Structures are given as structure tokens and as C-alpha cells.
Amino acid sequence: MKYKLIIICLISTICFAQKTTVYTIGDSTMANKKDPDRNPEHGWAQVLQPFFKDNIVIENKAVNGRSTKSFINEKRWDSIYKRLKKGDYVFIEFGHNDEKIEDSTRYTNPHTSYRYNLIKFVKESREKGAIPVLLTSIARRNFNQKGVLVPTHGEYPLETRLIAQEYKVPFIDLGYLTELLEESYGPEKSKQLHLHFKAGENAYYDKDKADDTHLSLLGANKIAQIVVNQIKLIEDSSLEKLKIGIK
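Residues numbered from 1 in each chain as written. Predicted model: local features only at pLDDT ≥ 70, side-chain atom pairs only at ≥ 80, totals over all residues. Heavy atoms only, no water.

1. Digging into the pattern of salt bridges
Should their charged atoms come close, side chains of opposite charge can pair. Enumeration according to the criterion identifies 16 salt bridges in this entry. A salt bridge links K85 to D88; its shortest N-O distance comes to 3.0 Å. Owing to a relative accessible area of 1%, D88 belongs among the buried residues under this scheme. One salt bridge in this structure joins D173 and R161, with 3.0 Å as the shortest N-O distance. On the criterion of sequence distance, the pair formed by D173 in the loop between β5 (171-172) and α6 (174-189) and R161 in helix α5 (residues 156-166) is long-range, its members being 12 residues apart. One network of salt bridges, with partners in common, ties together E59, K61 and R83. (Salt bridge = Lys/Arg side-chain N within 4 Å of Asp/Glu carboxyl O. Buried < 20%, exposed > 50% of the residue type's maximum accessible area, 1.4 Å probe, protein only. Helix = DSSP H or I, 4+ residues; strand = E, 2+ residues; numbered from the N terminus.)

Here's what the structure looks like:
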């Protein structure tokens, strides 16, 4: 009986050790939303778990309204850093709220504080033996009158790309890929990727809703699929565990 218990403990330990945690940090475009069964809004990291086998555990730590600055200042990064272990992953997608120049608690200059905050995430993840992955901000649905999708993120995506190159970080150009997604749907149909409802059309909203930044369940799933597809394509041995863990 004693030996059986030892064997069971060993098996349990091995199974636990085989789990790989993916921490996703960012803003409302990634974050978990309350009342997911009723709420039309979803973050793309909220729907990421079903794309992976049980040995990959998604810990979605993205939070509505956060920039790199507020995420750090509120000690949210510290709480993740303390838990990071060798072989974990950290998916990093900020920018939407770093752009808010009217808000001193969130705004970051893309070439100074935004850059250094991203580098902090990268370096401190690696200190723990974790693997950082940088992603550019998802595109907003921002078509002009001629049906051209107009970018809204300024220099932030460029700075993310440069850091990925300089520090040799696995990189997903989610801004570009979601631009292609928006364009493939077109100015009108792309509303389905976001939150467009007339008053009374959806029980969750009692007024008209026209939100071109946040995602519907369809939009969230489409973007999660893009992320998974990119993981498969990136030629980087550090992502091997993730590749194997995809369903």
C-alpha cells in the first residue's frame, strides 16, 4: 500500500510538472469579461484556452483599461513575476491605453516609457526562465468614407517590433494581421467582429451600442485563432512546447 501511494504521488508530480502556464498581460481587448454567457463582449485571451490541450494552462491577467504604466504601478506585474517559473510563457499586448495622452496615470511616450516598460516585461520574464512573446495592438475598426482602414495606434506598434528585433523576442504582428481581418470583412460586415447593437437588439444593452475597439465573441475567436496560427508558423525553438500543446 505504501509503495502504491508513492507511485501515485510520483505520477501526480510528473503530470503537474508537465503543465505549462501561459500568462497573458494587456488591456480590455484581451481581458476576461463578466457574465460571459450573457455578455456579448469578449477578450481574445478569454477564449484562448479551448485552442490548447490540457497541458497548456492560460492564465489571463489582462485587465480593462490598463496601459503598461498602470499595469506596473498597480503591482499587477509584480504579482505575476512572483509566480513565474521556468518554461512559462508571457504574452504581452499593450498600446490602446498607453496612447491616452490626457491621462497621466496611463499615458506613455512610445519611444521612452512604453519602450522601457516592454523591455522590463521581457527581461524580468527571462530572469525567471519564462519566455516572453510580444504582440502589437489589435486594429480598431476605423474605416474612412472611402472604405480604407485607417490606423490609430501611431508609433506604438513600431516600437514593439523594434524591441522584438533588438531582444530577439518571439513576435506576433497582431496589428497587421487584424488589419487584414477587418479588411477581409469590409466596412459593414466588420461590425460583427465588434459591438454594434441597436437599443433592445441585445438584452445586455439598453441603449444603442457602437464600439469599434472591443470584440464580440466572433471577433475574439477569430483573433485567438490568428494567434494560434502564428504560434505554429514562428520558427523559434522556445515555442515548441506551445506548438505541441495546440489541439
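Structure shown, so let's carry the discussion forward.
2. Notes on the pairing of strand β3 (residues 89-93)
When a strand is regular, its side chains alternate between the sheet's two faces. Here β3 lies mainly inside the structure; 5 of its 5 residues are buried. Side chains of β3 alternate between two faces, with Y89, F91 and E93 and V90 and I92 buried alike. Relative to β3, strand β1 (residues 20-26) is paired through 5 bridges, and the arrangement is parallel. Looking across to β3, one finds that G26 is bridged to E93. Each parallel crossover has a hand, and for β3 linked through helix α4 (residues 113-127) to strand β4 (residues 131-135) it is right-handed. (Pairing = 2+ DSSP bridges. Right-handed = clockwise from strand over helix to strand, strands pointing away.)

3. Quick look at unusual backbone geometry
Look at K75: it is not a glycine, yet its phi comes out positive at around 65 degrees. Looking at the element boundaries, K75 is found in the loop between α2 (68-73) and α3 (76-83). A relative accessible area of 53% places K75 in the exposed class. One non-glycine residue, K168, lies in the positive phi region at around 55 degrees. Of note, K168 is situated in the loop between α5 and β5. Residue classification places K168 among the exposed residues on the basis of a relative accessible area of 69%.

4. Topic: the sheet that holds β4
The sheet built from 5 strands is open, its strands ordered β2-β1-β3-β4-β5 with parallel pairing. The sheet terminates laterally at β2 (56-60) and β5, the two strands that pair on one side only. Across the sheet, α5 lies against β4 and β5, angled at about 150 degrees from β4, the strand it touches most. (Contact = heavy atoms within 4.5 Å. Axes fitted to C-alpha atoms, helices over the stretch in contact; angles between N-to-C directions.)

5. Concerning the packing of α4 against α5
α5 packs onto α4 with a crossing angle of 40 degrees between their chain directions and a minimal axis gap of 10 Å. With respect to α5, the axis of α4 lies oblique. Our pair here, α4 against α5, has a crossing hand that is right-handed. Two secondary-structure elements touch here, α4 through Y114, R115, L118 and I119 and α5 through Y156, E159, T160, I163 and E166. Looking at the contact of α4 with α5 residue by residue, the class counts come to 5 nonpolar, 1 polar and 3 charged. (Parallel < 35°, antiparallel > 145°, perpendicular 65-115°, else oblique. Left-handed = near helix turned anticlockwise from the far one by under 90°. Nonpolar A, V, L, I, M, F, W, Y, C, P; charged D, E, K, R; others polar.)

6. Regarding the pairing of β4
Most of β4 sits inside the fold, with 5 of its 5 residues counted as buried. Neither face of β4 is exposed, since I131, V133 and L135 on one face and P132 and L134 on the opposite face are all buried. As judged from the 4 bridges shared by β3 and β4, these two strands associate in the parallel manner. For V90, the partnering residue across the bridge sits in β4 and is P132. Traced from β4 through α5 to β5, the parallel crossover comes out right-handed.

This is a description of form; function is not addressed.
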